Protein chains: 2
Amino acid sequence: MTKQLRFKGGIHLTNSDSKKVKPYLITKTLVPENQETPIHFVAEDLVSDKLFYRRNHFPYPAFSSSFYFLPIDGHVQNPSVFSLEQIYAMPSKTIKVVLECSGDKRELFKPKVFGEQMGKGAISQGIWKGVPLRTLLQYAGMLDHTKEIVFEGYDNGPRTDSNNVYNFTRSLPIEKALDEDTIIAYEYNNHPLSFKHGFPLRLIVPGWYGMASVKWIKKIVVIEKEFKGPFQTVDYIYYPNQENDSGKFPVTTINVNSTIQFPLDRQLLNTGIYKINGIAWTGEGKIATVEISMDGGQTWDPCKLSNTPKKHAWVRWTYTWNALKKGEYTIKTRATDTEGNRQPGKPLWNRKGYGYNAIDKITVKVE
Amino acid sequence: MTKQLRFKGGIHLTNSDSKKVKPYLITKTLVPENQETPIHFVAEDLVSDKLFYRRNHFPYPAFSSSFYFLPIDGHVQNPSVFSLEQIYAMPSKTIKVVLECSGDKRELFKPKVFGEQMGKGAISQGIWKGVPLRTLLQYAGMLDHTKEIVFEGYDNGPRTDSNNVYNFTRSLPIEKALDEDTIIAYEYNNHPLSFKHGFPLRLIVPGWYGMASVKWIKKIVVIEKEFKGPFQTVDYIYYPNQENDSGKFPVTTINVNSTIQFPLDRQLLNTGIYKINGIAWTGEGKIATVEISMDGGQTWDPCKLSNTPKKHAWVRWTYTWNALKKGEYTIKTRATDTEGNRQPGKPLWNRKGYGYNAIDKITVKVE
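Throughout what follows, the structure given in this document is the object of discussion.

This paragraph deals with a nonpolar patch on the surface. Residue and element names in this part refer to chain B. A surface patch of nonpolar side chains, amounting to about 350 Å² of accessible area, comprises Phe67, Phe69 and Val81. Position of phenylalanine 69 relative to the elements: it lies in strand β4 (residues 69-74). Here phenylalanine 69 falls in the partly exposed class, since its relative accessible area comes to 44%.

Take a look at the structure:
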């Protein structure tokens, strides 16, 4: 009888709750935590905190956020320390921003490169609220000849290429630091920032790849010269050559890009009418057009944009396809932005695998 | 003040709970639900129900498990209907079994094939408890010249290659049906089967690929001839030719196989001593040896098996690697079973992408 009672419990498992089908983050590494957004299954324009991709260089930092203060010093008139209360009390800015890891789509490079093998999901979007960085810099009073602003995170550890311990630290050139959209964020999608995404304060640098948006800010330092930390001068550099460092240049702005969300690559389909859909985004300006090719790139048709393109946000696009003839189809999409940038046929191969933005491509079979 | 209170709530996020890093299922499709186990991050020998891979042909079925009965009819003396209570009261069998989807590692085939692009995680293992199928068949009394036993699941829907509606239905030859390890299971890891994994009753066919282990059994039919349903004669057939069906043969037994869990493919490592580890399994007999090559397959060393190989279960293996010299390394593993089967250098390419079991291979860089 005990057994039957246990199984009566089991019967509850057949209610609709147990049939809910959810997508999850896609685990790439656990320590440090690196997980992709299941981008093909994200229909929302505001990705939930739970499905926002996680990209870390180190294990999660230990620090007391109860006694948190933000210092700004270096080449300034008034070295300052701000409490969270002071920061929350300042005029705020709220913006919808795409964050994309510069290693997004890394697994597509040929020849293959080393590092986390990100698919197409190291990208997410949501609404960030915070204080413009320039407001804080105005309080501190930058001195003449300021060149860069350095952001040190609480996260730290050794690197695979060295046994020294480093904090994750990045700099911004003064022009980008003073951009009205560059903010020190404390809310995401109308909730306090979650710990994993940088609580209590993180930088948000719209239009730049995600490495610029330092989490768990420990301090801000204003400098007169170029910052030379390893996350600025070793990583996050495009090295176009396999054998040497010639032709290298830093990773900054997000490249114009698009991703087909439906259908999936290598999907089998019945004959019928389908709405192909996806997203497109860029780091400079706005998306101007998204085009699709159903014949492997010979001819291109415009896709329908589902919303008005905005700076820093992705745009959703659709295309209605009458898949009446059986066979294999290669589907390609290319986005063009208002600055005249267009997705190339081939990506810029680089040794560390940053900034992949070749024309998106899938193959499906109608049977 | 309201805002500060909200952020006091936020501060809880910095406790250790919020830093827990978990792997998740890897979403391949949502409807029907197909999700892989994050196999590289599974350290347990009993995969939790939550991380057990999910492979479905159709949306989850709707049926009342409160009024569930299992009919057995066809070519038998006593067509019977069993209640769950009757089945739970029969002598039971409990076995640790690997289930592997025949599409496991499908994404590795070159040229690429269509269908869910499974990585290395369409495999899980745990302890199943149920009644031996042959016990039920003895109650029903199979008549002479019985050839196959047919299992119909409650799950149904159209196929991509047809607009008819089918229930997922598969047959077993009489010999495999009478094997003492073939059971009708109602418990997994000491808990009632979860709905998603076939509650209230599913077949478990140890040693065969997962398609044989029909979930949500609706009825069992004993037949004198060969079953011809589409999941028996169209799908789950090896088609070694791209262009035609010549040379085809059915998918049955799990091929001998191994997977490297650590390091990850394309991982960057510091110099140091590492414990390479993984799993190996086979459908017939037991794993005899697992060998590793650190030089791309020129020389092979034995791995250490962490537990005594058992029929139907995977074995864990390790190998200590002194990674003292910087450079790129291709690591390969090959398992051999007691029946003399060994992983081949090249997989048997087949149009639908079943049974991939080529030597496992990753590339890492020590820097």
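Having seen the structure, we can now continue with the description.
This next bit is on the environment of asparagine 167 of chain B. Residue and element names in this part refer to chain B. Among the structural elements, asparagine 167 can be located in strand β9 (residues 162-173). Between the C-alpha atom of asparagine 167 and that of histidine 197, which follows or precedes it by 30 residues, the distance is 16 Å. Each residue touching asparagine 167, except ones within four places of it in the same chain, is listed here: Phe58, Glu152, Gly153, Tyr154, Asp155, Asn156, Lys218 and Phe231. Within the structure, the side chain of asparagine 167 is placed 2.7 Å from the backbone oxygen of glycine 153, a separation counted as a polar contact.

Turning our attention to a positive patch on the surface. A cluster of basic side chains, namely Lys110, Lys112 and Lys361 of chain A together with Lys110, Lys112 and Lys361 of chain B, defines a positive patch on the protein surface. Within the element layout of this structure, lysine 112 of chain B appears in the loop between β6 (93-100) and β7 (123-132). A relative accessible area of 35% means that lysine 112 of chain B is categorised as partly exposed.

Here the focus is the relation of the copies chain A and chain B. It takes a turn of 180 degrees to lay chain A on chain B, together with a shift of 0.0 Å along the axis; the resulting RMSD is 0.0 Å. Here the two chains are linked by the operation of a two-fold rotation axis. Most of the interface of chain A is mirrored in chain B: 100% of its interface residues are interface residues there too.

Let's shift gears to the packing of aromatic side chains. Across all of its chains, the model carries 43 aromatic pairs over all chains by this definition. Both rings, one in phenylalanine 262 of chain A and one in tyrosine 274 of chain A, keep their centres 6.1 Å apart while their planes meet at 45 degrees; by these two values the pair is tilted. A residue pair is termed long-range when its members are at least 10 positions apart, and phenylalanine 262 of chain A in strand β16 (residues 257-262) and tyrosine 274 of chain A in strand β18 (residues 272-281) qualify at twelve residues. Where phenylalanine 52 of chain B meets tryptophan 128 of chain B, the ring centres are 5.8 Å apart and the plane angle is 85 degrees; that geometry is what we call edge-to-face. In this pair, phenylalanine 52 of chain B sits in the loop between β2 (34-36) and β3 (54-55) while tryptophan 128 of chain B sits in strand β7, placing the two residues 76 residues apart along the sequence. For phenylalanine 52 of chain B, a relative accessible area of 2% translates into the label buried. Cluster of aromatic residues (ring-pair linked, three or more members): Tyr60, Phe63, Tyr68, Tyr154, Phe195 and Trp216 of chain A. Between arginine 159 of chain A and the ring centre of phenylalanine 231 of chain A, over which it is positioned, the NZ or CZ distance is 4.9 Å.

Turning our attention to the environment of serine 306 of chain B. Residue and element names in this part refer to chain B. Summarising the element assignment, serine 306 is placed in the loop between β21 (304-305) and β22 (315-323). Under the relative-accessibility criterion, serine 306 is labelled partly exposed at 48%. C-alpha of serine 306 to C-alpha of asparagine 277: the two residues are 29 residues apart in sequence and 9.7 Å apart in space. With sequence-adjacent residues up to four places away left out, serine 306 is seen in contact with Arg316, Trp317 and Thr318.

Cut-offs and rules
- Residues numbered from 1 in each chain as written.
- Chains lettered and ligands numbered in written order.
- Predicted model: local features only at pLDDT ≥ 70, side-chain atom pairs only at ≥ 80, totals over all residues.
- Heavy atoms only, no water.
- Patch = residues over 30% accessible without salt bridge, like charges linked within 9 Å, V, L, I, M, F, W, Y side chains within 5 Å.
- Areas by Shrake-Rupley, 256 points an atom, 1.4 Å probe, with all protein chains shown as cover.
- Salt bridge = Lys/Arg side-chain N within 4 Å of Asp/Glu carboxyl O.
- Helix = DSSP H or I, 4+ residues; strand = E, 2+ residues; numbered from the N terminus.
- Buried < 20%, exposed > 50% of the residue type's maximum accessible area, 1.4 Å probe, protein only.
- Contact = heavy atoms within 4.5 Å.
- Polar contact = N/O pair within 3.5 Å; in protein donor to acceptor, adjacent residues only side chain to side chain.
- Lys, Arg positive; Asp, Glu negative; His and termini not counted.
- Charge placed at Lys NZ, Arg CZ, Asp CG, Glu CD.
- Least-squares fit on C-alpha atoms with pLDDT ≥ 70 in both.
- Phe/Tyr/Trp six-rings, centres within 6.5 Å; stacked < 30°, edge-to-face > 60°.
- Lys NZ or Arg CZ within 6 Å of the ring centre and 35° of its normal.

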